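Report on the structure
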Amino acid sequence: MAAPRQDGVRQLADELIKCLKYRVGKEPSVATRYDWLSAAIKVVRDRLVDRWIESTRRAYDQGNKRVYYLSMEFLIGRLMRDAFSNLGVMEDMREALAYHDVDIDLISALEPDAALGNGGLGRLAACFMESMASLDIPAHGYGIRYVHGLFRQEIHDGYQVELPETWLDHGNPWEFERREGAYEIGFGGSVTSVTAPDGRLERHVWKPTERFLAVPFDTPIAGWRGKRVNTLRLWTAMPVDPILLDAFNAGDHIGALRESNKAEALTRVLYPADSHPAGQELRLRQEYFFSAASIQDIVRRHLSKYPDLTSLPDKAAIHLNDTHPAIAVAELMRLLMDVHGFDFDKAWAITKKTFAYTNHTLLPEALESWPVPLFERLLPRHMQIIYAINAEVLLEVRSSGRFNDDQIRAISLIHEGGERRVRMGNLAFVGAFSINGVSALHTDLMKETVFADLHKLYPHRINNKTNGITPRRWLFQCNPRLTGLIREAIGDRFLDDIDALEELDRFADDSVFQEKFAAVKRANKEQLVKVIGERMGLKIDPSAMFDVQIKRIHEYKRQLLNIVEAVSLYDQIRSHPERDWMPRVKFFGGKAAPSYHNAKLIIKLANDVARVINSDPSVRGLLKVVFVPNYNVSTAEVMIPAADLSEQISTAGLEASGTGNMKFALNGALTIGTLDGANVEIRECVGEENIVIFGLTAQEVAHRKTHGYNPREVIEASSELKQALEAIATGVFSPDDPHRYRDLIAGLYNYDTFMLAADFDSYSAAQRQVDELWRTPARWQSMAIHNTARVGWFSSDRTIRQYASEIWRVPA
């Protein structure tokens, strides 16, 4: 190939060869695609490091307040395109690699998805990290460097099979190990008191019986146009003594490594199954391990510049992303009192001014609680501190005279009904100066339900910060065709100010623009068809409506409602072949927790229904069902731009916000959904005429639950629903095991916790409304364009600006 003409491209081409030779140790003639991937990343990483060091130095020199974001998940996906795009070197690197006959698209596909999250919580954290850097906010993210992450999902005979995720097999070229920054983390042991000569209690000393090292690995996170590069610090566990030589020399070669094995278990897997005591203990250990290491690191960094910790609230905003890191409240208290000599009152005042907490769910099981005996055995000093905090709070409650005994019990950090448990959600609430929900509806429901009594006690703490997504990842990078079309129509201002997308609104009814918009969607669908064909061997018609529901599998997200409606539609297509049915492909994707029986059964049902429908010639290709295995960020980046219809159908009042709904709308998909989470605000932004809403409201759901709901009567009154459920329950889709779904369907008849039956007829009618819209392409395209043009408000930049000004008090 001819030598590149631009100096920047020529320099990159030369640097690639030097990197291959001196850092990978290969000649170009023998370099594999992985070698080229590593070289390309390291060449750009060098540029990133310069800005990273400059950003860090600037934060120290200016003495700015920093944000510390603690999260069990950071679902960052592939970083190559993110970093290359944000630094503005993507096209130059494409040309430099092409000079060496290397296709950047081929090698970028080899980069593994970092297996550091499960769903919306982790993806939100990743979007927030990118937005904080883009808005020039000094920030650190703290999490766990999971070796295997959640799991790699394979589908065997329709069933989910969990296999280890191997994202680190080829190493991680983005990260820097900082072994010199390790901290010792303890578990178990005992607590002793140290008294002064006058008999006054001086301090407590915790003497753990188990000790591990928390070793940090740092990944630079680049903001848009490289304005700032922040740090994502992930902790891995290592043993203090990697081998017990006495045991090894005595012949116990396996037992000699038990400390190493215990350390490795701490950071090997995200969300180990907690259906048994060992799994519960491991999860608590993980949460304390990363929270304690992070708090120690924050304290060390503060003391490296300031004389003591009294100024910590002025220089650090520690944000808890959901309830998992709530133990950080007790850990900071321990350090302040036991290590740095503050009394309880002063330590508690500092702590409450330092922490902020985001709640992400109203589901009781997600507001974690731990058995007191387990907690006290693993973290005896923290248990003492939590009892002391609880006493402080309950004395305040009692002295106010505004709460009855039931309300006091609800506020307590210790659940006393049956097994005594530590309520981590309550600990996070009382230990934070700000508690925010993630959509307007969710925030209102927090005040009325799970935190009603705490809200009465502290009425000014709860506030709303509706979630957002980074448009760099979820438009510019994943949908370059649409990005190019928008630039052609309205110019480039939206690249730096996503609110400028509103200018696209005037093209919604422009027939020429509609044709171009539809052509982009068609090209994206053809790309997805190719991927599905290669992975699953399925043939799909790209002219059909692509109806997509991709998210964590959970009963409240109601994939089952979608599947049952597919069965009903299947019956109608066969019964009424004379009708003008609109061709549709229903895509599902998502992982079920390993111990969540019903969620895993729903995956099996989706695959059973797909097998029957897809092989039935009487359907005439009008309906297909596809379950895409191992759904992750990279898969989403292909599926979301190709979607025509976005399924956001959770039971109203249970989805805190959702971010998939925002990504789909930004990429020109119409939403069919309930008035749940951020769907409410999406409807306000795009207009109720550009979204399809169905089902009960959150208030109606609550009313039915409290005033009686008989799902059997509802099912008997709906012939389509009854027929579909009977087909599933009697083995039409599982002839090898006719009773496979009997109990799953019986649950709908007997209690229907998530109101599937109550919403079915409304959902089915809404789907037929969608068919009618699809029948009129001009109307559909107009609605789709309005969606893209009007959802700029759901940028994570807007969300982070609100966090910065209203919670963290840092400039953005």
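Scope of this entry: the structure provided in the associated data block. The residue numbers shown here count from 1 along each chain, following its written sequence. This being a predicted model, a pLDDT of at least 70 is required before a residue's local features are given, and a value of 80 or more before pairs of side-chain atoms are given or counted; all residues contribute to the totals for chains, interfaces and linings. Hydrogen atoms and water are omitted, and side-chain values are computed over all heavy atoms in the structure.

**Some thoughts on helix H2 (residues 33–62)**
- Between its first and last C-alpha atoms H2 spans 43 Å; for 30 residues at 1.5 Å apiece the expected length is 44 Å, and the two agree.
- Two axes are fitted around each residue, one to the seven residues ending there and one to the seven starting there, and the angle between them is reported as the bend at that residue. Only DSSP runs of H or I with at least four residues qualify as helices, and only runs of E with at least two residues qualify as strands; both kinds are numbered from the N terminus onward. The largest bend along H2 measures about 25 degrees and falls at Asp-46.
- Following H2 by one or two positions, Gly-63 adopts a phi angle in the positive range, close to 65 degrees. The span one expects for a helix is its residue count, reduced by one, times 1.5 Å.

**Considering the packing of aromatic side chains**
- Within 6.5 Å between ring centres, the rings of Phe, Tyr and Trp (the latter by its six-membered ring) count as paired, and their orientation is classed by plane angle as stacked under 30 degrees, edge-to-face over 60, tilted in between. Within the structure shown, the criterion is met by 22 aromatic pairs.
- Note on Phe-694 and Tyr-763: the rings are 5.0 Å apart at their centroids and 45 degrees apart in plane angle, and the pair reads as tilted. Taken together, the residues Phe-694 in the loop between strand E23 (692–693) and helix H28 (698–707) and Tyr-763 in helix H32 (residues 756–774) connect sequence positions 69 residues apart. Considered together, Phe-694 and Tyr-763 belong to a single accessibility category, that of buried residues.
- A connected cluster of aromatic rings, assembled from ring pairs, spans Tyr-68, Tyr-142, Tyr-183 and Trp-235.
- Think of it as a cone above the ring: NZ of Lys or CZ of Arg counts as a charge over the ring if it is within 6 Å of the ring centre and within 35 degrees of the ring normal. Positioned above the aromatic ring of Tyr-60 is the side chain of Arg-66, whose terminal nitrogen or guanidinium carbon lies 4.2 Å from the ring centre.
- In this arrangement the basic side chain of Lys-591 is found over the ring face of Phe-151, its NZ or CZ atom lying 5.3 Å from the centre. Exposure categories follow from relative accessible area, calculated using a 1.4 Å probe and restricted to protein chains: below 20% of the type maximum is buried, above 50% is exposed, and the middle band is partly exposed.

**Digging into the sheet that holds strand E19 (residues 584–589)**
- When DSSP finds at least two bridges between two strands, those strands are taken to pair. Ordered in space as E20-E19-E18-E21-E22-E23, the six strands form an open sheet in which the pairing is parallel. Two strands lie at the open edges of the sheet, namely strand E20 (623–628) and E23, each paired on one side alone.
- Across six bridges, strand E18 (residues 545–550) lies against E19 in parallel orientation. The residue of E19 that forms the bridge with Phe-546 is Val-585.
- Whether two residues are in contact is decided by their heavy atoms: any pair within 4.5 Å suffices. Between N-to-C directions, angles cover 0 to 180 degrees, with each direction set by a line fitted to C-alpha atoms, over the stretch in contact for helices. Each of E18, E19, E20 and strand E21 (645–648) touches helix H23 (residues 559–575); the most contacted strand, E19, lies at about 155 degrees to it.

**Considerations on the packing of helix H1 (residues 7–24) against H2**
- Across the interface, H1 lies against H2 with an axial gap of 9 Å and an inter-helix angle of 110 degrees. By the criterion of interaxial angle, the relationship of H1 to H2 is roughly perpendicular. In this structure, the crossing between H1 and H2 has a hand that is right-handed. Across from Gln-11, Leu-12, Glu-15, Leu-16, Ile-17, Cys-19, Leu-20, Arg-23 and Val-24 in H1, the residues of H2 making contact are Asp-35, Trp-36, Ser-38, Ala-39, Ala-40, Lys-42, Val-43, Arg-45, Asp-46 and Arg-47.
- Among the residues forming the contact of H1 with H2, the class breakdown is ten nonpolar, two polar and seven charged. Our angle categories are set so that under 35 degrees counts as roughly parallel, over 145 as roughly antiparallel, 65 to 115 as roughly perpendicular, and the remainder as oblique. For any pair of crossing helices, the crossing counts as left-handed if the nearer helix is rotated counterclockwise from the farther one by less than a right angle, and right-handed if it is rotated clockwise. Classification convention: Asp, Glu, Lys, Arg as charged; Ala, Val, Leu, Ile, Met, Phe, Trp, Tyr, Cys, Pro as nonpolar; all other residues, Gly among them, as polar.

**Describing a nonpolar patch on the surface**
- Taken together, Ile-243, Leu-245, Phe-248 and Leu-257 make up a surface patch of nonpolar side chains, about 310 Å² in accessible area.
- On the basis of relative accessible area, Ile-243 is assigned to the partly exposed category, the value being 33%. Exposure above 30% relative accessible area and no salt bridge define the residues that can form patches, which grow by joining like charges within 9 Å and nonpolar side chains of Val, Leu, Ile, Met, Phe, Trp and Tyr within 5 Å. Accessibility throughout is a Shrake-Rupley quantity obtained with a 1.4 Å probe, and a residue counts as covered only by protein chains that appear here. Every case where a carboxyl oxygen of Asp or Glu lies within 4 Å of a side-chain nitrogen of Lys or Arg is listed as a salt bridge.

**As for the layout of surface pockets**
- Grid points spaced at 1 Å and placed over the protein atoms alone form the basis of the search, with a cavity being a set where a 1.4 Å probe fits but cannot get out and a pocket an open set showing protein on both sides within 12 Å along at least five of seven lines. Lining residues have an atom within 4 Å of a point. Grid points are joined across faces, edges and corners, and a volume is the space filled by probe spheres set on the points. Estimated volume of the second largest pocket: approximately 380 Å³.
- Mapped onto the lining of the second largest pocket, the elements with two or more residues apiece are H2, strand E10 (229–239) and helix H9 (277–303).
- When residues in the lining of the second largest pocket are grouped by element, the largest group, five residues, is from H2.
- Split into classes, the residues belonging to the lining of the second largest pocket amount to six nonpolar, four polar and eight charged.

**A few points about the nonpolar core**
- By nonpolar core is meant a set of buried Ala, Val, Leu, Ile, Met, Phe, Trp, Tyr and Cys residues that side-chain atoms within 4.5 Å join together. Formed by 278 residues in total, the largest nonpolar core has its most connected members in Phe-84 and Phe-587.
- Not counting residues up to four positions away in its chain, the partners in contact with Phe-84 are Ala-40, Ile-41, Val-44, Val-89, Met-90, Met-93, Ile-104 and Trp-174.

**Considerations on a negative patch on the surface**
- This count recognises Lys and Arg as positive and Asp and Glu as negative, with His and chain-terminal groups excluded. Throughout, a charge is located at the NZ atom of Lys, the CZ atom of Arg, the CG atom of Asp or the CD atom of Glu. Residues Asp-343, Asp-345, Glu-392 and Glu-396 make up a contiguous surface patch of negative charge.
- Following the sequence through the fold, Glu-392 ends up in helix H14 (residues 380–400).
- Judged by its relative accessible area of 35%, Glu-392 is partly exposed.

**Considering H14**
- When the terminal C-alpha atoms of H14 are compared, their 31 Å separation across 21 residues agrees well with the 30 Å that a helix rising 1.5 Å per residue should span.
- One or two residues past the end of H14 sits Gly-401, with phi positive at roughly 70 degrees.

**Topic: the sheet that holds strand E15 (residues 421–423)**
- Pairing is antiparallel in the open sheet, where three strands are placed in the order E13-E15-E14. The outermost strands of the open sheet, each flanked by one partner alone, are strand E13 (369–371) and strand E14 (414–415).
- As paired elements, E14 and E15 share two bridges and run antiparallel to each other. By the bridge assignment, His-415 is partnered in E15 with Arg-421.

**Remarks on the side chain of His-302**
- Looking at the element boundaries, His-302 is found in helix H9.
- By relative accessible area, His-302 is classed as buried at 5%.
- A polar contact of 3.1 Å, which involves the side chain of His-302, links it to the backbone oxygen of Asp-308. Here a polar contact means two N or O atoms within 3.5 Å. Within protein one must be a hydrogen donor candidate and the other an acceptor candidate, and residues neighboring in sequence count only if both atoms are side-chain atoms.

**What about the environment of Ile-41?**
- Considering the arrangement of structural elements, one finds Ile-41 in helix H2.
- Not counting residues within four places of it along the chain, the set of residues in contact with Ile-41 comprises Met-80, Phe-84, Glu-111, Pro-173 and Trp-174.

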